[in-house]
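Report on the structure
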Amino acid sequence: MANDFFPVERNRYFYGKLLTVKDFEAEQNYNRNKHRFSNIAMNGAGVVYGLGVTVHDDSTLLIESGFAIDYEGQEIILEESLIRKLPMIDGYESIGDSSDVWLAIAYEEEGTKPVNAVNTGNTANSEFNMTREGYRLFLSAEKPDFKEILESNGYKNVSTIYSDNKLSIVAAIDDIVVSGMDLNVHFLIVKDYNTPPINFVLTGESEFTESGIVELVYSQASQEKRQCMIVDVPVMIDGVSEYIGQLFSRNVELSLEIGSRHYKNYVKIPAEVNAVSSERDADELRRKRDNLAVHLREKNVPIYLSKIELIHSTASVFINTLTDLPFEQKIRRGTTEGIKNSGLISVETKVRKIEYWQKPDVKSSYNPKNGKLSFEFGIPVPEQYDYSVCHGVVDLEMPGGIKVNSRFYSEEIPHGLGSGTVDVRLSIEFLSEGNGKSILFGNKEVFKSKNSGVNPPWAEVAAVVFPEKGTMKIGVWLHDTVEGNRIRVHYFAQKPERDTDRIYDRSKPVVRILPEVTRLSAGDRLHFRAIVEGSDDKGVTFRVEEEGGGVIDINGVYQAPEQTGTYEIVAESTADPESKASAYVIVE
């Protein structure tokens, strides 16, 4: 349909011109096509705003009002929010027993307001007087063409690296990069609800890095709920400038972990990359490569609003999970090469939890390649308290026999938690037939029943605490006689404290580095893997402790020196540089 933009012709009016239906249609098409062309060239395709999808109940969707532009430049307007049961949506009857379905929206128009007409060529002798521009909302169980979607959104070097019934991973690699800066590698990950969090590593030889190795590492957070996502993994290009070639010299090793299942294979990732020496050269190269055909090529791609996983029962179909805007088909200004840069900066924000005694901080970075400004805010968690606890026993002597309604008191005793306010709980020890020694907490009257099976003593206990001395006094009030001349009281005392050092030590991240000890030949390479526990920030900084002991990059790829010896590799947590681990390399 993109070909109807050309040739660009408009009506020329003159006195005495006979105007027919074709002339008026040409007048409309001229303006409509100009508008569509401007939409594609200046904005691209995707959701402009709104059109969010949420679950209203277990079989109903709420679609917010909004505005989108399709891949032919046509405007899709949902003027008011919709609530739709699944069976009310087009395409529902075709989903069968599929568990994964896709909710999409497309431009659609229809004739309205029929009027009488003569010489129409149809038996009804009527024609629609108006055309209403609208939309079609529909469900589809057909698996989308992931490669076509990414390419339509302007991504380059798209290839599938893994695919089965439950998981698909598609890679897209930018084709132009400035030497000394990051090359963006994008991964589209599509999985089902039952697929556990995944981790994968792609390792391949490359002429674009000094180490000769490109390693792409992705680890899915356990709290990630989206079943369809696009994630970016940057690679520093520092080995070449003014160079064009394949990013990977040969096939790439894929190591994939799906929960406890491990998969390893070699995959082919064709990705031609052009490294240039400056951002100005990159912009010039993009301009030379860009052309009209790229933007106006036929793109039979709808706007996917959500990925929905269904649960089928004998009576109905229910919504299990929903991922909103799965392929991020939205108007991005200045973030992808497939869309004209409007000069606006895309801002991305993240929040990182830090301990309550740490000061709030903010980290920012700007990537001129894609115009993205990133902020990471460190927000302290609420103040934490720890508790010191102490337990003890006090025997209260009751001389002179036992009398009902008698009161007995202990001496002033230390509770063991030092000065300050403490919380004291008291209980009475007694012998229970068939159960031996028992301890009563609370009111004895609760167990005054034949069905309880126990008969605690009827007594009340209380304590007076002397905060300045760190002591207390315990008293007992008997409401009935008890056997013997002694009653034993247990006390449980606790004291809230803010022991910063102790809490800090307990919450410090723990770093492990694997392998811990290894042997290498001079000049060999080895990938070290750092594992961080006890912190949401899993980042580490690698270094070689000894000067001349080889080099290690940010990804943990170590290259041994030519000189033999034993060298220490250190990995420091970015969350807490004091938390670190060491591994040792014996170079032979």
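Scoring rules and cut-offs
- Residues numbered from 1 in each chain as written.
- Predicted model: local features only at pLDDT ≥ 70, side-chain atom pairs only at ≥ 80, totals over all residues.
- Heavy atoms only, no water.
- Helix = DSSP H or I, 4+ residues; strand = E, 2+ residues; numbered from the N terminus.
- Rg over C-alpha atoms; globule rule 2.2 N^0.38 Å.
- Buried < 20%, exposed > 50% of the residue type's maximum accessible area, 1.4 Å probe, protein only.
- Pairing = 2+ DSSP bridges.
- Axes fitted to C-alpha atoms, helices over the stretch in contact; angles between N-to-C directions.
- 1 Å grid on protein atoms, 1.4 Å probe; cavity = no way out; pocket = protein on both sides within 12 Å on 5 of 7 lines; lining within 4 Å.
- Points joined across faces, edges and corners; volume = space filled by probe spheres on them.
- Nonpolar A, V, L, I, M, F, W, Y, C, P; charged D, E, K, R; others polar.

**Section: the overall build of the protein**
- Secondary structure assignment for the protein yields 5 helices and 41 strands.
- The C-alpha atoms of the protein give a radius of gyration of 36 Å, which is well past the 25 Å a tight globule of 588 residues would have.
- Dimensions along the principal axes, computed over C-alpha positions, put the protein at roughly 130 × 85 × 45 Å.
- Among the 588 residues that make up the protein, the fraction classed as buried is 40%.

**Digging into the sheet that holds strand E21 (residues 317-324)**
- Read from one edge of the open sheet, 4 strands run E8-E7-E20-E21, paired in antiparallel fashion. In this open sheet, the two edge strands, each paired with only one partner strand, are strand E8 (126-140) and E21. Mean inter-strand twist for the sheet, computed between neighbouring axes without regard to direction, equals 35°.
- Of the strand pairs in this sheet, strand E7 (residues 100-116) and E8 are connected by 14 bridges, and their pairing is antiparallel. Directly across from Asn116, in E8, lies its bridge partner Ser126.

**Describing the layout of surface pockets**
- Of the volumes computed, that of the second largest pocket is approximately 650 Å³.
- Contributing to the lining of the second largest pocket are 20 residues, with Phe430, Leu431, Pro457, Val482 and Glu483 lying nearest its centre.
- At the level of elements, strand E28 (423-432) and strand E32 (486-497) are the ones that each hand at least two residues to the lining of the second largest pocket.
- Sorting elements by how many residues they give to the lining of the second largest pocket places E28 first, with 5 residues.
- Split into classes, the residues belonging to the lining of the second largest pocket amount to 9 nonpolar, 4 polar and 7 charged.

**What about the pairing of strand E2 (residues 53-57)?**
- Inspection of the sheet shows E2 paired to strand E3 (residues 60-63) by 4 bridges, in the antiparallel sense. Of the residues in E3, the one forming a bridge with Asp57 is Thr60.
- Counted between consecutive antiparallel strands, the loop separating E2 from E3 contains 2 residues.

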